[in-house]
Amino acid sequence: MSHDPPPELRVGDLTLSFGGVTALDRVSLTVAPGEICGLIGPNGAGKTTLFNCVTRLYRPDSGTIAFAGHDLLRTRPDRIVRLGIARTFQNLALFPSLTVLENTLLGAHSRDGSGFTASLLGLPATRSAHRRLTTEAREILADLGLSDVADQPAAGLPFGTLKRVELARALAGHPRLLLLDEPAGGLTHAEVDELGELILRLRAERGLGALLVEHHMGLVMGISDHVVAMESGREIADGTPEDVRADERVLAAYLGRTA
């Protein structure tokens, strides 16, 4: 009998259509605690749509999504982050006029709710909480090598730096699972290598799992414990990086096109 721990994230037979077009067609995957799962496929395969279902931006037509035993389809969207799920976005979702520190603090809002909002208004009862969150945010920025830009506005900072700021904001929510939507997009080769090392370090130090949507095959295959490949809203392969890389359906659908 297997005594493996239950999966942290379990997606079952997820289906979603937009205007008669099937975006997800009975997609299933699991991400175990502390596991890095790569999600690959050509543009339009349904990868970001799957992310948007997990974070409740979209509601699927059918299927199940569970995280740590919670039914996410019965969980209010604003509660998803409090359960321990945080995401980054394909297109940066930072506030340019806010400082790097302030953008990072917005991630803490997910677990401190109205207390953080009240602290921004200067209410006395929340000032100590705000100081604590600020100290934590500065520690995260230091961990990601961002201390020197903490008090600078996000506007005008290099793209690679902004990608790390978005990751800092996600970490401020104390997640157990990171949903990373094309984190290597727009980065240099050196920055991609640094990103891979950073994700592995965060997993080792914080016990984080990650679901990684990415077109950069070197990154996905280099750091993922297992890889799920999609095409046209369907899952076509799920296995080790080596197995998926060699799968004929994957080669035909995706890897072969970019070779």
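Residues numbered from 1 in each chain as written. Predicted model: local features only at pLDDT ≥ 70, side-chain atom pairs only at ≥ 80, totals over all residues. Heavy atoms only, no water.

**Q** Just checking my understanding: could you explain the sheet that holds strand 1 (residues 9–18) for this structure?
**A** For sheets, the rule is that strands pair by backbone hydrogen bonds, running either parallel or antiparallel. Strand order in the open sheet formed by 4 strands is 2-1-4-5, with antiparallel pairing between adjacent strands. A single partner strand is all that each edge strand has here, and the edge strands are strand 2 (21–31) and strand 5 (70–71). As defined by bridge partners, strand 1 adjoins strand 2 across 7 bridges and the pair is classed as antiparallel. Across the sheet, Leu-9 pairs through a bridge with Val-31, a residue of strand 2. Across the face of the sheet, helix 1 (residues 47–54) comes into contact with strand 1, strand 2 and strand 4 (62–67) while running at roughly 110 degrees to strand 1. (Pairing = 2+ DSSP bridges. Helix = DSSP H or I, 4+ residues; strand = E, 2+ residues; numbered from the N terminus. Contact = heavy atoms within 4.5 Å. Axes fitted to C-alpha atoms, helices over the stretch in contact; angles between N-to-C directions.)

**Q** Where do I start with the pairing of strand 10 (residues 234–239) in this structure?
**A** One face of the sheet, then the other: side chains in a regular strand alternate in exactly this way. Bridge count between strand 9 (residues 226–231) and strand 10: 5 bridges; the pairing is antiparallel. Each bridged residue has a counterpart across the sheet, and for Met-230 the counterpart in strand 10 is Glu-235. The hairpin formed by strand 9 and strand 10 contains 2 residues between the paired strands, and Ser-232 there has a positive phi angle of roughly 50 degrees.

**Q** For this particular structure, what's the right way to read empty space enclosed by the protein?
**A** Left-over empty space is what a probe sized like a water molecule reveals as it rolls over the atoms. The full count for this structure, using the stated rule, is 1 cavity of 30 Å³ or more. What lines the largest cavity is simply Ile-36, Leu-178, Leu-180, Ile-199, Leu-202, Arg-203, Leu-208, Gly-209 and Ala-210. Put simply, the parts of the chain that give the lining of the largest cavity at least two residues each are strand 7 (177–181), helix 6 (189–206) and strand 8 (209–213). Ranked by the residues each element gives to the lining of the largest cavity, the list is headed by helix 6, at 3 residues. Here the residues of the lining of the largest cavity are counted per class, giving 7 nonpolar, 1 polar and 1 charged. (1 Å grid on protein atoms, 1.4 Å probe; cavity = no way out; pocket = protein on both sides within 12 Å on 5 of 7 lines; lining within 4 Å. Points joined across faces, edges and corners; volume = space filled by probe spheres on them. Nonpolar A, V, L, I, M, F, W, Y, C, P; charged D, E, K, R; others polar.)

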